[in-house]
Amino acid sequence: MATTKVDPKLNENNTAKKAKTYQGLTTQQLIDAYRIMFTSRRVDDREILLKRQQKIFFQISGAGHEAIGVAAAFALKASDWFYPYYRDRALCLALGATPYEMLLQGVGAADDPSSGGRQMPSHWAYQRLNIVTQSSPTGTQILQAIGCAEAGRYFAKYPKAAQKAEGDYRQFKDVQFQGDEITYVSLGDGTTSEGEFWEALNTASNRRLPVMFCVQDNEYAISVPVEVQTSGGNISRLVSGFPNFHFEEVDGTDPVIAYAAFKRAADHCRAGHGPAFVHAHVIRPYSHSLSDDERLYRPDSERQADAARDPVPRLQMFLLREGILDEKGINKIEKEIEEQLQADADRALEAAPPQPETIYDFVYSPALDPTSAQFDTRPAVAAPDTAADGKGPAAPNKSLNKTMADLINTTLRDEMRRDERVVIFGEDVADCSREEYLKQKLVKGKGGVFKLTAGLQSQFGSDRVFNSPIAEANIVGRATGMATRGLKPVVEIQFFDYIWPAMMQLRDELPIIRWRSNNAFSAPLVIRVAIGGYLTGGAIYHSQCGESIFTHIPGLRVVFPSNALDAAGLLRTAIRCDDPVLFLEHKRLYRETYGRAPYPGPDYMVPFGKAKVVQPGTDLTVITYGAVVPRALQAAQKLEREHRVSVELIDLRCLNPFDWDAIAASVKKTNRALIAYEDSLSWGYGAEIAARIADKLFHHLDAPVKRVAATDTFVAYQPILENAILPQAADLFRAMKELAEF
Ligand SMILES: Cc1ncc(C[n+]2csc(CCOP(=O)(O)OP(=O)(O)O)c2C)c(N)n1
Ligand SMILES: [Mg+2]
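Residues numbered from 1 in each chain as written. Chains lettered and ligands numbered in written order. Predicted model: local features only at pLDDT ≥ 70, side-chain atom pairs only at ≥ 80, totals over all residues. Heavy atoms only, no water.

## Here we look at the overall build of the chain
Phase 1: When helices and strands are counted, the chain shows 26 helices and 19 strands.
Phase 2: Seen through its principal axes, the chain has C-alpha atoms that stretch 100 × 65 × 50 Å.
Phase 3: Out of the 742 residues in the chain, the part that is buried amounts to 59%.
Phase 4: In the chain, 80% of the contacts between residues at least 6 apart in sequence involve partners at least 24 apart.
Phase 5: Total accessible area on the chain stands at roughly 29300 Å², and carbon and sulfur atoms take up 52% of it. (Helix = DSSP H or I, 4+ residues; strand = E, 2+ residues; numbered from the N terminus. Buried < 20%, exposed > 50% of the residue type's maximum accessible area, 1.4 Å probe, protein only. Contact = heavy atoms within 4.5 Å. Areas by Shrake-Rupley, 256 points an atom, 1.4 Å probe, with all protein chains shown as cover.)

Written out as structure tokens, the structure is:
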């Protein structure tokens, strides 16, 4: 243990009293450290016992990592933010979580404050302690921590943005921040192999963010040793080139040495110099988890060498050697802890489990319902599209009619003006990252590859509209961290075809934050995505749909407008609502003549889950959305003209939630249903709708439920092939006719 080399700076405050300190830690703090570390180890031991008795269902320990958890907590402040990983039990205890709370998660109790029985033990979330809900995938927390730090900085610079406002998500989101706050994020050595780790380092470095990375290097990722994960076997060596960082590599089994390192790291972050990287060498005395037996891949010799560095006995020896505690003192502490833990375990085992009826609680915001009348407003100017009452189109006024691209841009502009928490980032979304060019009027600015965000950076500044690296996980992960803190990111994924690097964040993180934390945390935000084909040459990688992959994710709202007015109204609902929203914008519809509309005013909203009857009819129902809407309309009009078949055309507009009532009402009337969509046929969005119709409306059907969709291929480049692959008006016409004749 480090007793001799005392950092004078850390010791300043104590010189008056002349009491001996250890790198600034008082003897009382060291006794507290021992108390926490011993507690942490004994909670693990207790859980292991309970698991063997089958009273809890999973166990993963923080054993061997206790010293650095305590050291980090001592060096940081309660107002800092924490993205710990599963080995951070001692950190959480040191920050104020209790063993009883941890055991509640072990038994899966309703009162488990981390998840209400929804997550495994050691998946920390303590709202009161700024410990943000954590998950199981290795490394997904790191980019979120970056976003968390960015949000803290934003609120410190624009404190008015933190104010509450009635009538939208802000009403339900308390914002707290400190000008000098730090975001702590930890991970294991193996997790440094995840790409998101490197994306996070890059952004933390580039933006000089006050993020403290803590790599807890126990030299193993389950059975895979560090030299297999990390080229050269030492992560510190690999990351040392990142600018603006403060680096520490320490013995993480010694709380005094680790504390000093964390202190220096924290000073660097708080001073605004940038992020810090603490690489702590620790041990893993208890296999990876209770599902693992490390004797299968680690010889006794190696395990014994580790045991000699065990932080708990080491600190005990240190306290005895320094005369801080005698044996009696140690025994007293340990006995108190054991007794308390016994009582805590007994109590936790009695705790009530959650009720099965609660499983749907908090999939979505319980506070704000985006399907409600609150989100149903009238456009300020009458829209020229066909009204639901079937009175036909209003007289178009060309000069007033705006494209979908125009109205999305205007909606973003209006909402940014109204709500200072809205920030926009993504690839190429800024007008010009080198903003001096804009200021000197040397350039006009880009504002998105489709120009949907044009002019927003110029109007609202580079803190609110900025470019991201080409890294889709980076975009979604950071946005999730920002939204957790109360910002409203409206980010852009440039092409749906390239959304996949963000899939881990989109499936395992963003939509499930509220549910897995039992409503303690939430991340309402909007992801705008340019989607779809019919581009003549869009080919495989600029034509993809795939919306059903996302409607299959509980917790994620999915919207897919077909015209300018709906796009404006639905985007506004997306921004003001309290849930994460995937907002799919069809590229082919951005500047289409079809579906243009006058500006509907700054408060126009369309509620989620409400379809639009594009054209009423009596003979058959066509259910569709997106770019198939105008094609289906064309086919329906031809069928009416040529064969007197009256088609009711339903534009779903919103895919999750979707308007079952509108579908049911129509099918009950027409007794025939066709579902048309642009994505490939099999396993597509129409499969679910068809299954529901077959299930719930069987007795109303006069014909089989039909689907028209793309072929089960990707979209080819050559227009002849593209036409053959994507559903055309002619295909829709043929299918409608057949269905009518059945
Ligand atoms: C993305 C992902 N892949 C695989 C796993 C399974 N898994 C859980 S922990 C782990 C090893 C992590 O090792 P390390 O980062 O060194 O942390 P340690 O457990 O050693 O503290 C693996 C492979 C996972 N949880 N997430
Ligand atoms: Mg490890």
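So much for the structure itself; the text now carries on.
## Things to note about the coordination of the magnesium ion (ligand 2)
Phase 1: Every protein donor of the magnesium ion (ligand 2) is listed here as D189 (OD), N218 (OD1) and Y220 (O), and their distances to the metal cover 2.0 to 2.1 Å.
Phase 2: Sequence spacing of the donors to the magnesium ion (ligand 2): D-x28-N-x1-Y. Here N218 and Y220 have matching classes, each one buried. (Donors = N, O, S within 2.8 Å, 3.2 Å for Na, K, Ca; no water.)

## A word on the environment of W198
Phase 1: Considering the arrangement of structural elements, one finds W198 in helix α7 (residues 195-206).
Phase 2: Separated by 92 residues in the primary sequence, W198 and G106 have C-alpha atoms spaced 32 Å apart.
Phase 3: The residues contacting W198, other than those within four sequence positions of it, are T192, I235, L238, V239 and F242.

## With respect to the side chain of Q216
Phase 1: The residue Q216 is located in strand β3 (residues 211-217) in this model.
Phase 2: Contact partners of Q216, with chain neighbours within four places excluded, come to H65, I68, Y85, R87, D88, Y184, S186, L187, G188, D189, A280 and V282.

## Comments concerning the confidence of the model for the chain
Phase 1: Predicted confidence across the chain gives a mean pLDDT of 95, with 95% of residues reaching 70 or more.
Phase 2: Of the regions scoring below 50 in pLDDT, residues 3-17 engages in 18 contacts with residues more than four places distant in sequence or in other chains.
Phase 3: Long-range and interchain partners of residues 383-397, a stretch whose pLDDT sits below 50, account for 23 contacts in this model, where long-range means more than four residues apart. (pLDDT = per-residue confidence, 0-100.)

## Regarding the site of ligand 1
Phase 1: Around ligand 1 sit 18 residues in total, of which Y85, Y86, R87, T191 and Y220 are the nearest.
Phase 2: Between ligand 1 and Y85 there is a distance of 2.6 Å, counted from an oxygen atom to a side-chain nitrogen or oxygen.
Phase 3: Contacts to ligand 1 include Y220, whose backbone N or O atom sits 2.7 Å from an oxygen atom.
Phase 4: Taking 580 Å² as the accessible area of ligand 1 by itself, protein coverage stands at 74%. (Near = heavy atom within 4 Å. Polar contact = N/O pair within 3.5 Å; in protein donor to acceptor, adjacent residues only side chain to side chain.)

## Details of the state of the cysteines
Covalently bonding the sulfur atom of one cysteine to the sulfur atom of another cysteine gives a disulfide.
Phase 1: Summed over all chains, the structure comprises 0 disulfides.
Phase 2: With no disulfide of its own, C545 has C654 as its nearest cysteine by sulfur position, at a separation of 16 Å.
Phase 3: Its relative accessible area of 7% is what places C545 among the buried residues. (Disulfide = S-S within 2.5 Å.)

## Concerning the environment of Y599
Phase 1: For Y599, the location among the structural elements is in the loop between β13 (581-586) and β14 (612-615).
Phase 2: Distance in space between the C-alpha atoms of Y599 and A627 is 21 Å, their sequence separation being 28 residues.
Phase 3: Polar side-chain contacts of Y599 include one of 2.7 Å to the side chain of D414.

## Some points on the packing of aromatic side chains
Phase 1: Taken as a whole, this structure holds 26 aromatic pairs when the rule is applied.
Phase 2: Aromatic pair Y625 and Y685: ring centres 5.4 Å apart, planes at 85°, arrangement edge-to-face. Here Y625 is found in the loop between β15 (620-624) and α22 (628-643), whereas its partner Y685 is found in helix α24 (residues 685-696), with 60 residues between them in sequence.
Phase 3: For Y685, a relative accessible area of 6% corresponds to the buried category.
Phase 4: Across from the ring centre of Y169, 4.3 Å away, lies the NZ or CZ of K488, which sits over that ring.
Phase 5: The side chain of R631 reaches across the aromatic face of Y534, ending 3.8 Å from its centre. (Phe/Tyr/Trp six-rings, centres within 6.5 Å; stacked < 30°, edge-to-face > 60°. Lys NZ or Arg CZ within 6 Å of the ring centre and 35° of its normal.)

## Some words on the sheet that holds strand β16 (residues 647-651)
Phase 1: Taken in spatial order, the 5 strands of this open sheet run β14-β16-β15-β18-β19, and their pairing is mixed. Of all the strands in the sheet, just β14 and β19 (706-710) have a single pairing partner and so form its edges. Adjacent strand axes in the sheet meet at a mean angle of 25°, parallel and antiparallel pairs treated alike.
Phase 2: Taken together, the 3 bridges between β14 and β16 define a ladder with antiparallel strand orientation. In the strand pairing of β16, V613 is matched with I650.
Phase 3: Set on the sheet, helix α23 (residues 660-670) makes contact with β15, β16 and β18 (673-680); between it and β16 the angle comes to about 170°. (Pairing = 2+ DSSP bridges. Axes fitted to C-alpha atoms, helices over the stretch in contact; angles between N-to-C directions.)

## Here we look at the pattern of salt bridges
Phase 1: According to the stated counting rule, one finds 54 salt bridges in the structure shown.
Phase 2: One salt bridge connects R653 with D566, and the closest N-O pair in it is separated by 2.8 Å. With a gap of 87 residues between them, R653 in the loop between β16 and β17 (654-656) and D566 in helix α21 (residues 564-576) connect regions that are remote in the sequence. Across the pair, exposure class does not vary: R653 and D566 are buried alike.
Phase 3: Between D603 and R576 there is a salt bridge, and its shortest N-O distance comes to 2.9 Å. Residue D603 is located in the loop between β13 and β14, and its partner R576 is located in helix α21; the two are separated by 27 residues in the primary sequence.
Phase 4: What makes D603 partly exposed here is its relative accessible area of 43%.
Phase 5: For R576, a relative accessible area of 5% puts it in the buried group.
Phase 6: Each of the salt bridges in this network shares a partner with another, and the network as a whole consists of D168, R170, D414, E415, R417, R418, D419, R572, R576 and D603. (Salt bridge = Lys/Arg side-chain N within 4 Å of Asp/Glu carboxyl O.)

## Observations concerning the nonpolar core
Phase 1: With 87 residues, the main nonpolar core has F197, F213, I527, F550, L652 and I693 as its most contacted residues.
Phase 2: For this core, the leading source of residues is helix α6 (residues 140-157), giving 9 residues.
Phase 3: When neighbours within four sequence positions are excluded, F197 is seen to be in contact with I142, L187, T191, T192, F213, V215, I235, V239 and F277. (Core = buried A, V, L, I, M, F, W, Y, C linked by side-chain atoms within 4.5 Å.)

## Some details on the packing of helix α2 (residues 27-52) against helix α5 (residues 99-107)
Phase 1: Packing of α2 against α5 brings their axes to within 11 Å, and their N-to-C directions diverge by 25°. Relative to α5, the element α2 lies roughly parallel. Seen along the crossing, α2 lies across α5 with a hand that is right-handed. Of α5, the residues touching α2 (which contributes T39, V43, R46, E47 and L50) are P99, M102 and L103.
Phase 2: Here the contact of α2 with α5 is built from residues that sort into 5 nonpolar, 1 polar and 2 charged. (Parallel < 35°, antiparallel > 145°, perpendicular 65-115°, else oblique. Left-handed = near helix turned anticlockwise from the far one by under 90°. Nonpolar A, V, L, I, M, F, W, Y, C, P; charged D, E, K, R; others polar.)

## Description of the side chain of S543
Phase 1: Residue placement: S543 occurs in the loop between β11 (526-531) and α20 (547-551).
Phase 2: One polar contact links the side chain of S543 to the main-chain carbonyl oxygen of A539, over a distance of 2.7 Å.
Phase 3: In this view, S543 contacts D497, G532, G533, G538, K587, E678 and V715; residues no more than four positions away in its chain are not counted.

## Comments concerning the sheet that holds strand β10 (residues 488-493)
Picture the strands of a sheet paired through backbone hydrogen bonds; they go either parallel or antiparallel.
Phase 1: Strand order across the open sheet formed by 7 strands is β9-β8-β10-β11-β13-β12-β17, with mixed pairing between neighbours. Across the chains shown, the open sheet's two edge strands, defined by having one partner strand only, are β9 (465-467) and β17. Neighbour-to-neighbour, the strand axes of this sheet turn through a mean angle of 20°, independent of strand direction.
Phase 2: Alignment of strand β8 (residues 422-426) against β10, held across 3 bridges, turns out to be parallel.

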